[in-house]
Amino acid sequence: MRTPVAAIEGYLSLALNPKVSRIDSKAREYLEKAHSSTQNLGKLFQDLLTSARAEDGRLISHPSVIEMGDYLQQLAEELRFAAQKKT
């Protein structure tokens with residue numbers, strides 16, 4: 001399932017690339033929504049595969065102690081970057 005979704009995502013990326021194609025703003029909006037949806041679907045498939053590996057013992061966990069303050073600061077920076085990209 002990941003391969004067809006990855007192919008669709010790739011074609012959408014090409015369609016959104018201004019060096020490859022010229023599209024009007026309304027079409028770009030639709031393609032961006034479709035591209036975002038395919039990325040989310042790809043992540044969902046990856047999560048399902050990870051879950052299946054965990055259930056059948058193929059996934060080995062190596063937990064470690066992390067500093068929550070640093071982790072949350074890094075997360076906030078990543079989300080800020082993503083939010084700025086969307087505006």
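In the block above lies the structure referred to throughout.
Residues numbered from 1 in each chain as written. Predicted model: local features only at pLDDT ≥ 70, side-chain atom pairs only at ≥ 80, totals over all residues. Heavy atoms only, no water.

Hey, could you go over the environment of Leu16 for me, with residue numbers and the actual values?
Looking at where Leu16 falls in the secondary structure, it is placed in helix α1 (residues 2–16). Placed 26 residues apart in sequence, Leu16 and Gly42 show a C-alpha to C-alpha distance of 18 Å. (Helix = DSSP H or I, 4+ residues; strand = E, 2+ residues; numbered from the N terminus.)

Just give me the short version of helix α2 (residues 25–55), but keep the residues and values in it.
The end-to-end C-alpha distance of α2, which contains 31 residues, comes to 45 Å, matching closely the 45 Å that a straight helix rising 1.5 Å per residue would cover. Within the sequence span of α2, burial applies to His35, Thr38 and Phe45. Taken together, the buried residues of α2 touch α1. One side-chain oxygen of the residue at the start of α2 lies 3.1 Å from the amide nitrogen of Lys26, identifying that residue as Asp24. In the stretch just after α2, Gly57 is the one whose phi turns positive, near 85 degrees. (Expected span 1.5 Å × (residues − 1). Buried < 20%, exposed > 50% of the residue type's maximum accessible area, 1.4 Å probe, protein only. Contact = heavy atoms within 4.5 Å. Polar contact = N/O pair within 3.5 Å; in protein donor to acceptor, adjacent residues only side chain to side chain.)

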